[in-house]
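# Fold and geometry: a report
These are the residues of each chain, in order.
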Amino acid sequence: MEGPSSRLSSTPFRRDSSRCTEAESGRDTKTHFRVCRFIMETGVKLGMRSVPVATACVLYHRFFERASVRAYEPYLVAMSCMYLAGKVEEQHIRTRDIINVSHRYFNSGSTPLECDKEFWDLRDSVVQCELLILRQLNFHVSFEHPHKYLLHYLLSVKSLVNRHAWSRTPVSETSWALLRDCYHGEMCVRHTPQHIAIATLYLALNSYGVELPVGEKEWWQVLCDDVTKADINAVISDLLQLYDMEAKCI
């Protein structure tokens, strides 16, 4: 696959937008899945923490709620989202690093790009796209994520489970992995952070058959009083659809 230096600089920043057919809508969903996977893998190589990566994904999804993927180059938008997310979450990432790591993502084993006209044109595109994202989102770029809620819920549930049973099952690791996967699709902006955190923990507990003490209320009602079983099922259903999408994107 060609690298962003050739892919993006040769592609107009704003592309012609046409009416979206059902088939094109399906392709758009796959494109968003692949681009968010690009954000996550590139974020890891850039040393970004989990919350800045999550913010980059939310910025990407929020932007394309308002714009067509046929109007703007999605990988360029993703690179700008990572750059902006680093500022929002106070983990600044240099544009040069984003461009070079992105280039290596598409061109494994390649050397860093030279600081020539092509590089500077791409850098300018990333910065200009960042300004577009800010305007498109009306400068609302700070988001509440499920991470802090999941951490609280895990600590609460852990205190209710036998210590040896908890250590034998990777409930915590699985919950965090499920949460990360939620950001591949629009479900991360469709559901509230608390509901996503509860649903990922619920799915992890059920996957390993971990049972919690029965009380007057379900454990998830105690932790989050506005969540319903329907809310949990809706999040899990969206997550399972993402895993089905992953199989189609391989």
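The text that follows walks through the structure, step by step, so that each part is easy to find.

Procedures and definitions
- Counting of residues starts from 1 at the beginning of each chain's written sequence and follows it residue by residue.
- Residues qualify for local features only when their pLDDT is at least 70, as the model is predicted, and side-chain atom pairs are given and counted only at 80 or more; totals for whole chains, interfaces and linings, by contrast, use all residues.
- Only hydrogens and water are set aside when side-chain values are computed; all heavy atoms of the structure are taken into account.
- The helix and strand labels rest on DSSP assignments: H or I over at least four residues marks a helix, E over at least two residues marks a strand, and numbering proceeds from the N terminus.
- Relative accessibility under 20% of the residue-type maximum defines a buried residue, over 50% an exposed one, and the middle range a partly exposed one, all with a 1.4 Å probe and only protein chains included.
- Residue contacts are counted whenever heavy atoms from the two residues lie within 4.5 Å of one another.
- All accessible areas in this document rest on Shrake-Rupley with a 1.4 Å probe, and a residue is counted as covered only by the protein chains that are shown.
- The definition of a nonpolar core used throughout is a set of buried Ala, Val, Leu, Ile, Met, Phe, Trp, Tyr and Cys residues joined through side-chain atoms within 4.5 Å.
- Pairing of aromatic rings covers Phe, Tyr and Trp, the last counted by its six-membered ring, and requires centre-to-centre distances within 6.5 Å; plane angles under 30 degrees mean stacked, over 60 mean edge-to-face, and any other angle means tilted.
- For a ring to carry a charge above it, either NZ of a lysine or CZ of an arginine must fall within 6 Å of the ring centroid while also lying within 35 degrees of the normal to the ring plane.
- By definition here, a helix of n residues has an expected span of 1.5 Å times n minus one.
- Whenever two N or O atoms come within 3.5 Å, that pair is a polar contact, provided that in protein one can donate a hydrogen and the other can accept it, and provided that, for residues adjacent in sequence, both atoms are side-chain atoms.
- Any Lys or Arg side-chain nitrogen found within 4 Å of a carboxyl oxygen on Asp or Glu counts as a salt bridge.
- Whenever a helix is involved, its axis is fitted only over the stretch in contact; in every case the axis is a line through C-alpha atoms, and angles between N-to-C directions fall within 0 to 180 degrees.
- By definition in this entry, angles of less than 35 degrees are roughly parallel, angles greater than 145 are roughly antiparallel, angles of 65 to 115 are roughly perpendicular, and the rest are oblique.
- By convention the crossing between two helices is left-handed if the near helix lies anticlockwise of the far one by an angle smaller than a right angle, and right-handed if it lies clockwise.

### Remarks on the overall build of the protein chain
Within the protein chain one finds 13 helices and zero strands. In sequence order, the secondary structure elements of the protein chain are arranged as α-α-α-α-α-α-α-α-α-α-α-α-α. Relative to its full complement of 250 residues, the protein chain shows a buried share of 49%. In the protein chain, the proportion of contacts linking residues at least 24 apart, taken out of those at least 6 apart, comes to 79%. Surface summary for the protein chain: the accessible area is close to 12,900 Å², and the carbon and sulfur share equals 49%.

### Regarding the nonpolar core
Judged by nonpolar contacts, the single largest core of 83 residues is most densely connected at I39, Y60, V77, M82, L201 and W219. A per-element tally of this core places helix α4 (residues 74–88) first, with ten residues. Setting aside anything within four residues of it in sequence, one finds L201 in contact with L150, Y153, L154, V157, V171, S175 and W219.

### Quick word on the packing of aromatic side chains
Evaluated as defined, the whole model comprises eleven aromatic pairs. For the pair F63 and Y72, a centre-to-centre distance of 5.4 Å together with 70° between the ring planes defines the contact as edge-to-face. Judged by centre distance (5.1 Å) and plane angle (80°), the ring pair of Y105 and F106 falls under edge-to-face. Taken together, the aromatic side chains of F38, Y75, Y105 and F106 make up a single cluster linked through ring pairs. Of note, R96 hangs over the ring of F119, and the distance from its end group to the ring centre comes to 5.4 Å.

### A closer look at α4
The terminal C-alpha atoms of α4 lie 20 Å apart, and with 15 residues this matches the ideal 21 Å at 1.5 Å per residue to within 8%. For α4, the buried fraction is high: 13 of the 15 residues fall into the buried class. The distance from a side-chain oxygen at the start of α4 to the backbone nitrogen of Y75 is 3.0 Å, and the residue carrying that oxygen is E73. Backbone geometry just after α4 places E90 at a positive phi near 55°.

### As for the pattern of salt bridges
Scanning the model with the defined rule gives nine salt bridges in all. Residue K117 pairs with D121 through a salt bridge whose shortest N-O separation is 2.7 Å. Of this pair, K117 and D121 both sit in helix α6 (residues 117–136), four residues apart, roughly one helical turn.

### Looking at the packing of helix α5 (residues 95–106) against α6
Viewed as axis vectors pointing N to C, α5 and α6 meet at an angle of 110°, and their least axial separation amounts to 10 Å. It follows from the interaxial angle that α5 and α6 lie roughly perpendicular. When you trace α5 past α6, the crossing you get is right-handed. Mapping the contact onto sequence places T95, R96 and I99 in α5 and F119, L122, R123, V126 and V127 in α6.

### Looking at the side chain of T169
Here T169 is to be found in the loop between α8 (163–168) and α9 (171–182). On the basis of relative accessible area, T169 is assigned to the buried category, the value being 18%. From its side chain, T169 meets the backbone oxygen of A165 in a polar contact 3.1 Å long. Not counting residues up to four positions away in its chain, the partners in contact with T169 are Y208 and V210.

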